[in-house]
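For reference, the chains in residue letters:
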Amino acid sequence: MSTEEHAPTETAPAGGAPRSLAEALRGRDDRSLAVLLRARPDLITPVPTDLTQLATRAGTRASVVRALERLDRFALQTAQALAVAADPASYGELASLLAGDDADPAVTAALPRALGTLRDQALVWGPENRLRLVRTARELLAPSPQHPSPTGLGPTVAEATAGMSPGRVQEIVAAAGLPSTHDSVSAVTALAALFTDRRRMAALLATAPPESLDVLTRLVWGPPYGQVTANPAPHLRWLLDRGLLLPTAPGTVVIPREVALRLRAGRAHREVQPVPPPVEASGSHRPQVVDATAAGQAYTALATVEELLKDWDEGGPGVLRAGGLSVRDLKRTAVALDLSEPVAAFWVELAYSAGLLASDGEADERYAATPAYDEWLELPAAERWARLAMAWLTATRTPGVIGERDAKDRTLSALGPGLDRSAAPEVRHRVLALLAGLPEGTSATPDSVLARLHWERPTRGGQHPHQAPAQPPQAQQPPHSPSSASSPPARSRQGEDLRARIARWTLSEAESLGITGRGALSSHGRALLGLPDEAPATAELPETPGDKLPAHHVPLPHPPASTPAPDPVAERAAAASRAARLLAPLLPEPLDHVLLQADLTAVAPGPLKRPLADMLGVLADVESKGGATVYRFTPGSVRRALDAGRSASDLHGFLTAHSRTPVPQPLAYLIDDVARRHGHLRIGAASAYVRCDDDAMLSEILADKRSQGLGLRRLAPTVLAAQADPATLLDGLRGMGYAPAAESAEGDVLITRAHARRTPPRTAPEPVPDGPPAPDDTLLGAAIRAIRAGDLASTTPRRTPDGPATPPGALPRTGSAETLATMQAAVLTGEALWIGYVNAEGSASQRVIAPVRVEGGFVTAYDHTADEVRTFPLHRITGVAELADDAT
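Residues numbered from 1 in each chain as written. Predicted model: local features only at pLDDT ≥ 70, side-chain atom pairs only at ≥ 80, totals over all residues. Heavy atoms only, no water.

Undergrad: What exactly am I supposed to notice about the overall build of the protein here?
TA: Helices and strands together make up the secondary structure of the protein, namely 35 helices and 27 strands. Here the protein, with 888 residues, has 48% of them falling under the buried criterion. Summarising the internal contacts of the protein: among those between residues at least 6 apart in sequence, 67% fall at separations of at least 24. When the accessible surface of the protein is totalled, it reaches about 41400 Å², and 55% of it is carbon and sulfur. (Helix = DSSP H or I, 4+ residues; strand = E, 2+ residues; numbered from the N terminus. Buried < 20%, exposed > 50% of the residue type's maximum accessible area, 1.4 Å probe, protein only. Contact = heavy atoms within 4.5 Å. Areas by Shrake-Rupley, 256 points an atom, 1.4 Å probe, with all protein chains shown as cover.)

Undergrad: Sorry if this is basic, but what is going on with the packing of aromatic side chains here?
TA: Under the defined criterion, the tally for this structure stands at four aromatic pairs. Here the basic side chain of Arg384 rests over the ring of Trp376, its NZ or CZ set 5.5 Å away from the ring centre. (Phe/Tyr/Trp six-rings, centres within 6.5 Å; stacked < 30°, edge-to-face > 60°. Lys NZ or Arg CZ within 6 Å of the ring centre and 35° of its normal.)

Undergrad: Got a minute to help me understand the confidence of the model for the protein in this structure?
TA: Predicted coordinates in areas of low pLDDT are best not read in detail. Chain-level statistics for the protein give a pLDDT mean of 83 and a share of 85% at 70 or above. Within the protein, no element has a lower average pLDDT than helix H24 (residues 493-496), which sits at 43, and none a higher one than strand S11 (residues 520-521), at 96. Long-range and interchain partners of residues 6-14, a stretch whose pLDDT sits below 50, account for 19 contacts in this model, where long-range means more than four residues apart. A low-confidence stretch, residues 461-496 stays under pLDDT 50, and its non-local contacts, those more than four residues away or across chains, total 70 contacts. (pLDDT = per-residue confidence, 0-100.)

Undergrad: Where do I start with the side chain of Asp50 in this structure?
TA: As for its position among the elements, Asp50 is in the loop between helix H3 (30-39) and helix H4 (51-58). Although buried, Asp50 forms no salt bridge, and the nearest oppositely charged side chain, Arg26, lies 6.2 Å from it. At 3.2 Å, the side chain of Asp50 and the backbone nitrogen of Thr52 are in polar contact. (Lys, Arg positive; Asp, Glu negative; His and termini not counted. Salt bridge = Lys/Arg side-chain N within 4 Å of Asp/Glu carboxyl O. Polar contact = N/O pair within 3.5 Å; in protein donor to acceptor, adjacent residues only side chain to side chain.)

Undergrad: Sorry if this is basic, but what is going on with the nonpolar core here?
TA: Generally speaking, soluble globular proteins have nonpolar side chains that are buried together. Phe74, Phe195, Leu244 and Leu245 are the most contacted members of the largest nonpolar core, which totals 93 residues. A per-element tally of this core places helix H6 (residues 73-84) first, with eight residues. Membership of the second largest hydrophobic core comes to 74 residues, among which are Leu337, Ala344, Val401 and Leu498. (Core = buried A, V, L, I, M, F, W, Y, C linked by side-chain atoms within 4.5 Å.)

Undergrad: In this structure, what is going on with the sheet that holds strand S13 (residues 601-604)? I would like to understand it.
TA: Neighbouring strands of a sheet are bound in pairs by backbone hydrogen bonds; such pairs are parallel or else antiparallel. Spatially, four strands are ordered S12-S13-S15-S14 in an open sheet, and the strand pairing comes out antiparallel. Either end of the sheet is taken by a strand with one partner, and the two such strands are strand S12 (595-597) and strand S14 (621-624). Ignoring strand direction, the axes of neighbouring strands in this sheet form an average angle of 30°. With three bridges connecting them, S12 and S13 associate as antiparallel partners. (Pairing = 2+ DSSP bridges. Axes fitted to C-alpha atoms, helices over the stretch in contact; angles between N-to-C directions.)

Undergrad: Just checking my understanding: could you explain unusual backbone geometry for this structure?
TA: Outside of glycine, negative phi angles account for most residues, and trans bonds account for most peptide bonds. The omega torsion across Thr45 and Pro46 is 0°, close enough to zero to call that bond cis. With respect to the secondary-structure elements, Pro46 resides in the loop between H3 and H4. Residue Pro88 is bonded to the preceding Asp87 through a cis peptide linkage, with omega at 5°. One can find Pro88 in the loop between H6 and helix H7 (91-99). The backbone of Ala103 shows a phi angle near 50°, a positive value even though the residue is not glycine. Note on placement: Ala103 falls in the loop between H7 and helix H8 (105-120). Ala103 sits in the partly exposed class, given a relative accessible area of 43%.

Undergrad: Help me out: how do you make sense of the sheet that holds strand S4 (residues 246-249) in this one?
TA: Taking strand neighbours across the sheet as the criterion, the three strands line up as S3-S5-S4 in an open arrangement whose pairing is antiparallel. The open sheet terminates on both sides in strands that have one partner only, identified here as strand S3 (225-227) and S4. Within the sheet, the average angular offset between the axes of one strand and its neighbour, ignoring direction, is 40°. Relative to strand S5 (residues 252-254), S4 runs antiparallel, the two sharing three bridges. Note that in S5 the partner of Leu246 across the bridge is Val254.

Undergrad: Looking at this model, I keep getting lost on the pattern of salt bridges. Mind explaining?
TA: Here the idea is simple: oppositely charged side chains can pair when their charged atoms come close. One pass over the structure, following the stated rule, counts 39 salt bridges. Arg267 is the partner of Asp102 in a salt bridge, and the nearest nitrogen-oxygen pair spans 3.7 Å. With Asp102 in the loop between H7 and H8 and Arg267 in the loop between helix H16 (257-263) and strand S6 (281-284), this residue pair connects regions lying 165 residues apart in the sequence. The class for Arg267 is buried, based on a relative accessible area of 16%. Put simply, Arg168, Glu171, Arg237 and Asp241 are held in one network by salt bridges that share partners.

Undergrad: Can you help me understand the environment of Glu23 in this one?
TA: Summarising the element assignment, Glu23 is placed in helix H2 (residues 21-26). Spatially, the C-alpha atom of Glu23 lies 8.0 Å from that of Thr52, the residues being 29 residues apart in sequence.

Undergrad: Is there a simple way to explain the environment of Gln288 in this structure?
TA: Counting through the fold element by element, Gln288 comes out in helix H17 (residues 287-311). On the basis of relative accessibility, which here comes to 52%, the residue Gln288 falls in the exposed class. Sequence separation of Gln288 and Gly517 is 229 residues, and the distance between their C-alpha atoms is 10.0 Å.

Undergrad: Which parts of the structure should I look at to understand the environment of Ala58?
TA: With respect to the element layout, Ala58 can be found in helix H4. Each C-alpha atom of the pair Ala58 and Ile44 lies 10.0 Å from the other, and the pair is 14 residues apart in sequence. If near-sequence neighbours (up to four positions away) are discounted, Ala58 is found in contact with Leu21, Arg40, Leu43, Ser63 and Val64.

Undergrad: What's the story with a negative patch on the surface in this structure? I'm lost.
TA: Judged by side-chain charge, Asp693, Asp694, Asp695 and Glu700 come together as a negatively charged surface patch. Relative to the assigned elements, Asp693 resides in the loop between strand S17 (688-691) and helix H32 (695-703). Of the residues examined, Asp693 reaches a relative accessible area of 72% and is grouped as exposed. (Patch = residues over 30% accessible without salt bridge, like charges linked within 9 Å, V, L, I, M, F, W, Y side chains within 5 Å. Charge placed at Lys NZ, Arg CZ, Asp CG, Glu CD.)

Undergrad: Help me understand the pairing of strand S24 (residues 844-855), please; the structure alone is not making it clear to me.
TA: A regular strand places its side chains so that they alternate between the two faces of the sheet. Here strand S23 (residues 833-838) runs beside S24; their pairing, made up of six bridges, is antiparallel. From the neighbouring strand, Leu833 faces S24, where its bridge partner is Ile849. As consecutive antiparallel partners, S23 and S24 are separated by five residues, and within that stretch Gly842 has a phi angle of approximately 85°, a positive value. The pairing of S24 with strand S25 (residues 858-863) spans six bridges and is classified as antiparallel. The residue of S25 that forms the bridge with Ile849 is Asp863. Taking the residues between adjacent antiparallel strands as the criterion, S24 and S25 are bridged by two residues, where Gly856 takes a positive phi near 60°.

Structural data, given as structure tokens:
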């Protein structure tokens, strides 16, 4: 790491250029520091002691990589251009590398904003005539054989000729038509000056054979490396003799950076994207149609989640040993929901993310609904939807990766580990925000959304995930395989375009949830994002008058540190509440009636109120779903209601009260017939027994081959004993078509009521953060005060009582009597002092304090380092010194 960037330095003279990154940060105001810390929250975890430590941390590799990965495409291209420019570079040189010799006006106008972003994030420092990219960023972005630059440029002439013999350098200079020099350094400088001179370079290339120009054309946009044989062809020898190709290794040559830039008309990139690509509209609908469509999808989403958890009421599928849902159980759930397996996995994961289902934690661990599910069911439909939608929006679990392989080649399963993708919440928010930037009722083309996201957060290396990587051309015919040094680093497809895949899943999942309708963002979806109704949030970057304002005066996109930031949790709750209010009028009102029909069916023309829906779900089987739900009454469904404790008269009364049509006679006969036979057989504990007044029926059971597994034998004409337990015997006889009833030890009939299995209280899974959380304004203010105070303590000039000014660094050392006298004098004069202090843990620090009172072995003083009044034991103060006269 460069000591030039981070070494402690004294403050530069007023108006002078900063000599280090620390000094540049020292010249910033609090608002600018707040912008930096908000954009790079890892810099204050923990809070640096001073600005020098902040600069050091801002230059670490991990922090710089993280900052570079969060730049938009043009800001990243600007950093890449600085990495291949001279160090330091002027603003004009940078503009020429990006805008080219023709000075592209769009690039010229956008450059101040991009450079301002790099300055804000402490990736670039220095005045406009001496712009410096932090050393770590230059190392990451500068071209090398091991790490090709996204610009496609190679090393400079000086770098490529570093190991070349002086004689060979002089031969190249002579062949290029330059006068010989006394040393290699001046020769290389003259050669580089030739390549950067437009007129002389054009004259040199005018004498080149056409085949030589063709080789340069194939190498100019990169990769810059090619291969040659030991005896190159004449057109290659012409290039090698004049330094237009320089050897880097046996059999490998490179086109120097100066040559490539001249052939590119000064551009560092083949394609510069100074402005984001627009999000293109694919269709337009009336906002009312969009909201109605989205509301219909929202209602379907609620019904799907309820059906899923109702299917798991008696205890869901088991938990795999490694965690998660088995493939077989996922298929069974998909069949039960009448959905495809990926869609079923999405709803299972959504219920899990919302805290509505979890594992029960028992020895035979199974999935089941949580107590929160029962509370969720009692909420109004719109609020239930808002809970689901907000859980989806903030969850890091990504159902789309289910079925893929993890780093250990294990299959990722639904509800299992390894599904968290920390980028998911940010991508979902951004996709919906892009839709919100379109006119109301307008949907977007998926490809334009992906292109915009790629511009805002390019994949590593700056390549579009859907573009094939450029292959290095060959400098020698016949072609040879490219060297590994010039090939782009291998990346898995999953890691390369994860954000794009999350974006595609977002568009589909938002439609399924009812956040969008017909591809357009609904009004309640806009409210879910916290956006106003009347003014769509613009998805474009703020315009900057780049041709009028210098880079460091570009308006900052962040609010000032003094603006109070609301609580994110409260913000989300308010947004969910507002979305629910907008959705509520669009959802159908629950009905309290059905239409009974003569074919033993009941039609529910809309959603039913919960008590009616629950009872009808026990009494009948769902035959078809859609705008209206059709229920069918069967002997089995009626017996199920009787087993739940209902009598025949209860069922007749229920149907009469909730049907808009008379109860059909076939349905009344069905209920009476099943009720008459219900409980005719009695099951008890012997191990188990069957008793019945009709001995012929018992003989029929014994003769049935299906009863052999129950181990039945006759004890009396009306009693059968069984080896199976009562529950198994009860289920077995019901499976044979009988309708037995269980009885207690006293001979009373046991009414078994439907029950739902629930897990112990469980919390929803916490999202996996994508790095440190963004600091709020309170933390930012406190951190900046602490950094300023620590910097004051570490950089303020000091002087001993009877000596010259001493540099910062070592703690002052004075005797106890001298320390006490100096403290008492400072109380009278009101002057600040520099002290060394050792706390109770033995940690030494230096502080700048203003003593207020000295008594009882303690000094009470205003601590500039902590920005508060503190009391210090005198015996823990190592020494004291007055501040120098020129201290600020």
